Amino acid sequence: EEDIRILVDAIRGTDMELPVILGAFCGLRRSEIAALTPECVDLKSRTLTVRYATVRGIETTWTTKTTKTTESTRTIRLFPQAYESVKRLCSNLPPKAPIVTISPNKITERFSRLCEVNEITHYRFHDLRHFCASAMLGQGIPKKYVSSFLGHNSERMVDQVYFHVMASVKTEAEDKMEAYFSTILS
């Protein structure tokens, strides 16, 4: 959490603001971020629809295609942190213009440099997505919702990747139950 705070302070007003915010608070993949256009955003309902991904095509050129899986196509709520950034960046763009003008590779390179310059642990950009999922699970959000929010095709992925977080949630739940049962027998 402290590293996320440092990163968010460091990226304010830069071209990395939206990629970091969307990765950390919305769990988007860098390919999904690079493919966003104002058409994907509904400012009135404060939602973002992920429909496309920018990936390497033939001869290493970047191309925009549909998302990784059908489950990856999803509509999510823009939490206030993301909403304000998206609103500011979308306001003057044509509907089909990219909101983020950095390629997925540049997002990764610049993120790595951000970690270095701010003297925090080196993370991969994809680890922001893991932060989002871990935060949701840590708040007791059901696995099924987390899986849907992140665009996974099954809860199994959440189990495999975030088992360590689930273990702490399980311990917390067991502690609560132990305290409750103790009140019955005392």
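For the structure given in this document, a descriptive report is provided here. Because the structure is predicted, anything quoted here is derived from the model rather than measured. (Residues numbered from 1 in each chain as written. Predicted model: local features only at pLDDT ≥ 70, side-chain atom pairs only at ≥ 80, totals over all residues. Heavy atoms only, no water.)

Our focus in this paragraph is the sheet that holds strand 5 (residues 74–77). Here 3 strands make up an open sheet; going across it, the order is 1-2-5 and the pairing antiparallel. Both outer strands of the open sheet, strand 1 (41–42) and strand 5, are each paired with one neighbouring strand and no more. (Pairing = 2+ DSSP bridges. Helix = DSSP H or I, 4+ residues; strand = E, 2+ residues; numbered from the N terminus.)

Our next topic: helix 2 (residues 17–26). Counting buried positions over the 10 residues of helix 2 gives 9, a clear majority of the element. Turning to helix 2, its buried residues number three or more, namely Glu17, Leu18, Pro19, Val20, Ile21, Leu22, Gly23, Ala24 and Cys26. Looking one or two places after helix 2, you find Gly27, whose phi comes out positive at around 70°. (Buried < 20%, exposed > 50% of the residue type's maximum accessible area, 1.4 Å probe, protein only.)

The N-to-C vectors of helix 2 and helix 6 (residues 127–138) enclose an angle of 35°; their axes lie 6 Å apart at closest approach. Side by side, helix 2 and helix 6 meet where Val20, Gly23, Ala24, Phe25 and Cys26 of the first sit next to Leu128, Arg129, Phe131 and Cys132 of the second. Here the contact of helix 2 with helix 6 is composed, by residue class, of 7 nonpolar, 1 polar and 1 charged. (Axes fitted to C-alpha atoms, helices over the stretch in contact; angles between N-to-C directions. Contact = heavy atoms within 4.5 Å. Nonpolar A, V, L, I, M, F, W, Y, C, P; charged D, E, K, R; others polar.)

In this structure, the largest pocket encloses a volume near 250 Å³. Lining the largest pocket are 16 residues, with Arg29, Lys68, Arg129, His152 and Met157 positioned closest to its centre. Per-element tally for the lining of the largest pocket: the top contributor is helix 8 (residues 155–161), with 4 residues. Partitioning the lining of the largest pocket into residue classes produces 3 nonpolar, 9 polar and 4 charged. (1 Å grid on protein atoms, 1.4 Å probe; cavity = no way out; pocket = protein on both sides within 12 Å on 5 of 7 lines; lining within 4 Å. Points joined across faces, edges and corners; volume = space filled by probe spheres on them.)

By the definition in use, this model includes 10 salt bridges. Here Arg88 and Glu17 are joined by a salt bridge, their closest N and O atoms 2.6 Å apart. Here Arg88 is found in helix 4 (residues 80–90), whereas its partner Glu17 is found in helix 2, with 71 residues between them in sequence. Residue classification places Arg88 among the partly exposed residues on the basis of a relative accessible area of 46%. (Salt bridge = Lys/Arg side-chain N within 4 Å of Asp/Glu carboxyl O.)

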